[in-house]
Amino acid sequence: MSKPKFAMYWSGSCGGCEIAVINIHEKILDVDANFDIAFWPVAMDAKVKDVEALEDEEILLCLWNGSIRNEENEHMAHLLRKKSKLLVSFGSCATEGCVPGLGNLFPVAELIDTAYTTLTTDNPDNIRPQTVTQVPEGEITIPAMKDRVHTLAQVVDVDYFMPGCPPESHQIAAVIDLVIEVLQGKAELPPKGAVIGAGHSTVCEECPRQRNVKAIKAFRRIQDVAPLDPELCILEQGVPCNGPATRSGCKARCPSVGAQCIGCYGPAEGVVDYGARLVTAFASVIDSRDPEEIEQILDGIPDPAGQFYRFNLADSLFQAGASAFKKNEV
Ligand code: SF4
Ligand code: SF4
Ligand code: SF4
């Protein structure tokens, strides 16, 4: 009997999610034993036309990592949605836009101008990429960038969401085990739309650090707090830590080793807007009841966009900075 088909695809991403899958070590053999790998460009040679030739929903499980940054990403999202029974938004880029989503703070033309005019860019003719270029050998086309980064679910219907930048390998392994158990009739799939491979509380709930002091008079960068108390909550030592707003599931990996959580598992269960929840959490540890002073202390956070929306801007209530909505007026 033929095995069910598996696919994995990357779009606007860094490749880290693909590495995280490889990081499950020998568990990858279970994938091979239970699935026929139909399409996984990073791991094997297969062409888009091979996917186009499949029946609709012939792929049982497709893990999609990466944001929707250009027209090719969007085209592939529609194609793999059509060909897959279960489409998983895998990782922060697919689920929230992640760091590529910070591009939504600027119009596309400004992003391109910046990339092609940096101090280290050798571009004497001030060339910009064109979607169609004629060369002696024929016509070269590249996909056009979309006005904004979108999440996968903003473009197509998604069955499950798996957060993390990247998802932790133990969580990937657990999800693979679950799918195999479903195939063997030993378990049932979670309800459509569920978050899988993650917890249901916050990073703070998994964090071993003690929380008891609420007396922040200023926020500081972690390198300016030396030495950091190894037992005490990092946020309560004045270093912005995103644990209170971030979904659990990573076993509080960063605060456990002395680094603040930067929020890669996305909004905790029930959080509508990640940044708004985080501002509230930060305000709650500030040692002041004066709204102006609280605002002044919050203003001391060095990179507010990165702090509050590093992973989540494209999926936030804003979705983009105001200038990005001006499209290509630069
Ligand atoms: S979620 Fe993180 S690790 Fe995965 S592709 Fe995006 S940036 Fe890379
Ligand atoms: S704010 Fe950070 S350091 Fe403090 S308990 Fe939460 S995750 Fe741990
Ligand atoms: S502690 Fe925060 S930043 Fe670190 S892995 Fe967990 S969710 Fe991601």
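Labelled according to an unreviewed UniProt entry, the chain appears under the name Oxidoreductase, originating from Candidatus Electrothrix aestuarii. According to UniProt, the comment filed for the chain under the heading Subcellular location (unreviewed entry) is "Periplasm".

**Q** Looking at this model, I keep getting lost on the overall build of the chain. Mind explaining?
**A** The number of helices and strands found in the chain is 13 helices and 9 strands. At 22 Å, the chain has a C-alpha radius of gyration in line with the 20 Å of a compact globule built from 330 residues. Its C-alpha atoms give the chain principal-axis dimensions of about 65 × 60 × 30 Å. Relative to its full complement of 330 residues, the chain shows a buried share of 48%. Within the chain, residue pairs in contact and separated by at least 24 positions form 73% of the contacts whose partners lie at least 6 positions apart. Per element, the accessible surface of the chain, about 16,800 Å² overall, is 54% carbon and sulfur. Both charge centroids of the chain, one from 29 positive and one from 46 negative side chains, sit 3 Å from each other.

**Q** Where do I start with empty space enclosed by the protein in this structure?
**A** Gaps left between atoms show up when a probe the size of a water molecule is rolled over them. Applying the stated criterion to the full structure yields 4 cavities of 30 Å³ or more. Approximately 100 Å³ is the volume attributed to the largest cavity. Along its surface, the largest cavity is lined by Val203, Cys204, Cys207, Arg209, Arg211, Cys233, Ile234, Leu235, Cys241, Gly243, Pro244 and Pro255. Broken down by class, the residue content of the lining of the largest cavity amounts to 9 nonpolar, 1 polar and 2 charged. Listed by contribution, the elements that provide at least two residues to the lining of the second largest cavity are strand S5 (84-90) and helix H8 (169-183). In terms of residue count, H8 provides more of the lining of the second largest cavity than any other element does, 3 residues in total. Here the lining of the second largest cavity is composed, by residue class, of 10 nonpolar, no polar and no charged.

**Q** Please explain helix H11 (residues 274-284) as it appears in this structure.
**A** Three- or four-residue spacings in an α-helix give side chains the same orientation, since the helix completes a turn every 3.6 residues. Among the residues of H11, those classed as buried are Tyr274, Gly275, Leu278, Ala281 and Phe282. Around the axis of H11, the buried residues are gathered within 120° of arc, so they sit on the same side. Here the buried face of H11 lies against helix H12 (291-299) and helix H13 (304-309). N-capping of H11 is provided by Asp273, with a side-chain oxygen placed 3.3 Å from the backbone N of Gly275.

**Q** How should the site of ligand 1 be read in this particular structure?
**A** Neighbouring ligand 1 are the residues Ser13, Cys14, Gly16, Cys17, Ser92, Cys93, Cys98, Gly164, Cys165 and Pro166. Of all elements in the fold, only helix H1 (16-22) and helix H5 (92-96) reach the threshold of two or more residues within the shell around ligand 1. By residue class, the composition of the shell around ligand 1 is 6 nonpolar, 4 polar and no charged.

**Q** Please explain the pattern of salt bridges as it appears in this structure.
**A** Oppositely charged side chains can form a pair if their charged atoms are brought close together. By the definition in use, this model includes 15 salt bridges. Arg253 serves as the salt-bridge partner of Glu168, at 2.7 Å between the closest nitrogen and oxygen. Pair noted here: Glu168 is in the loop between strand S9 (160-162) and H8 and Arg253 is in helix H10 (residues 253-256), with a separation of 85 residues, a long-range link. Take Glu168: its relative accessible area is 14%, and that puts it in the buried class. A single network of salt bridges, built from pairs that share partners, joins Arg81, Asp157, Asp159 and Lys192.

**Q** Would you mind showing me how to read the sheet that holds strand S2 (residues 36-39) here?
**A** One open sheet accounts for 5 strands, arranged S2-S1-S3-S5-S9; its pairing is parallel. For this open sheet the edge positions go to S2 and S9, each flanked by a neighbour on one side alone. Neighbour-to-neighbour, the strand axes of the sheet open up by a mean angle of 25°, direction not taken into account. Two strands pair when backbone bridges link them, and strand S1 (residues 5-10) and S2 are joined in this way by 3 bridges, in the parallel orientation. Each bridged residue has a counterpart across the sheet, and for Lys5 the counterpart in S2 is Asp36. Running at roughly 155° to S9, H8 makes contact with strand S3 (59-65), S5 and S9 of the sheet.

Scoring rules and cut-offs
Residues numbered from 1 in each chain as written. Chains lettered and ligands numbered in written order. Predicted model: local features only at pLDDT ≥ 70, side-chain atom pairs only at ≥ 80, totals over all residues. Heavy atoms only, no water. UniProt positions renumbered as here; feature names shortened; annotations may be inferred. Helix = DSSP H or I, 4+ residues; strand = E, 2+ residues; numbered from the N terminus. Rg over C-alpha atoms; globule rule 2.2 N^0.38 Å. Buried < 20%, exposed > 50% of the residue type's maximum accessible area, 1.4 Å probe, protein only. Contact = heavy atoms within 4.5 Å. Areas by Shrake-Rupley, 256 points an atom, 1.4 Å probe, with all protein chains shown as cover. Lys, Arg positive; Asp, Glu negative; His and termini not counted. Charge placed at Lys NZ, Arg CZ, Asp CG, Glu CD. 1 Å grid on protein atoms, 1.4 Å probe; cavity = no way out; pocket = protein on both sides within 12 Å on 5 of 7 lines; lining within 4 Å. Points joined across faces, edges and corners; volume = space filled by probe spheres on them. Nonpolar A, V, L, I, M, F, W, Y, C, P; charged D, E, K, R; others polar. Arc of directions from axis to C-beta. Polar contact = N/O pair within 3.5 Å; in protein donor to acceptor, adjacent residues only side chain to side chain. Near = heavy atom within 4 Å. Salt bridge = Lys/Arg side-chain N within 4 Å of Asp/Glu carboxyl O. Pairing = 2+ DSSP bridges. Axes fitted to C-alpha atoms, helices over the stretch in contact; angles between N-to-C directions.

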